[in-house]
Amino acid sequence: RGYGALCDLRVEVAATVHGGGGGEIRTTVDKAIDASDEALVADPAMVAAHRAKTRAYTLWIDYQLGHGMDPSETLTLAEGTAKRAIELDPRKADAYAELGEVYHYQSVNAWIHGQDPFSFIDASIKASSQAVRMEPGAAEMLSTLGGKWSSKGAYQMESGQDPRESFRRAIEYLMGATSRDP
């Protein structure tokens with residue numbers, strides 16, 4: 001299958017996550033992962049396939065977290081896949097953005113289980129910041145980074161820490177995103 005088919009499966013996964021049941025989501029995620037794996041057999045260095053596979057994992061993680069399931073195994077797979085994409089081509093901003101998403105979900109999972117989320121949210125901010133440095137005009141990446149800072153502020157607030165600097169940064173990045181793509 002070509003990259004176009006891989007993209008189509010990613011879209012199908014996104015649509016299913018927002019409208020389907022768990023079995024449908026799992027089947028669609030598996031299809032996206034299988035398509036990525038087929039592409040990686042043909043070309044193990046295909047960064048786009050690693051990124052698509054990471055995205056499929058993060059969609060499944062989102063579902064798992066939202067439905068009280070343990071995403072630990074999927075988080076490990078997603079992190080390894082995202083890091084491999086960066087290892088293969090450290091010039092791809094999207095690869096850093098995907099890694100930032102994985103770390104963000106790790107922070108959420110830690111928080112849900114009463115563990116310290118800060119090392120994960122800081123890693124998420126670091127990876128997302130790298131993506132923004134690489135594509136400073138990308139509104140979506142600025143918005144995503146703003147969301148990471150907002151999450152950190154929420155964790156700080158819930159932990160009795162001062163969240164003002166985190167929220168200030170969140171607003172800064174979110175305003176930057178809206179000025180580029182109102």
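See the structure printed just above.
1. Re the pattern of salt bridges
Under the criterion given, the structure shown has 11 salt bridges. Put simply, Asp94 and Arg51 hold a salt bridge, and the shortest N to O gap is 3.3 Å. Residue Asp94 is found in helix α5 (residues 93-112), and its partner Arg51 is found in helix α3 (residues 47-66); the two are separated by 43 residues along the sequence. Here Asp94 falls in the partly exposed class, since its relative accessible area comes to 33%.

2. Brief notes about α3
With 20 residues, α3 ought to run about 28 Å at 1.5 Å a step, and its terminal C-alpha atoms sit 29 Å apart, in line with that. Burial runs high along α3: 17 of the 20 residues are buried. Following α3 by one or two positions, Gly68 has its phi on the positive side, about 70°.

3. Points about the nonpolar core
Core analysis: the largest hydrophobic core is formed by 25 residues, its most contacted members being Leu99, Met141, Leu145 and Trp149. Elements with a minimum of two residues in this core: α4 (72-88), α5, α6 (118-134), α7 (139-158) and α8 (164-180). Discounting residues that sit within four places of it in the chain, Met141 has contacts with Ala93, Asp94, Ala131, Val132 and Glu135.

4. Quick look at the environment of Asp70
Residue placement: Asp70 occurs in the loop between α3 and α4. The class of Asp70 is exposed, set by a relative accessible area of 53%. For Asp70 and Asn109, which are 39 residues apart along the polypeptide, the C-alpha to C-alpha distance reads 8.4 Å. Within the structure, the side chain of Asp70 is placed 2.6 Å from the side chain of Ser72, a separation counted as a polar contact.

Scoring rules and cut-offs
Residues numbered from 1 in each chain as written. Predicted model: local features only at pLDDT ≥ 70, side-chain atom pairs only at ≥ 80, totals over all residues. Heavy atoms only, no water. Salt bridge = Lys/Arg side-chain N within 4 Å of Asp/Glu carboxyl O. Helix = DSSP H or I, 4+ residues; strand = E, 2+ residues; numbered from the N terminus. Buried < 20%, exposed > 50% of the residue type's maximum accessible area, 1.4 Å probe, protein only. Expected span 1.5 Å × (residues − 1). Core = buried A, V, L, I, M, F, W, Y, C linked by side-chain atoms within 4.5 Å. Contact = heavy atoms within 4.5 Å. Polar contact = N/O pair within 3.5 Å; in protein donor to acceptor, adjacent residues only side chain to side chain.

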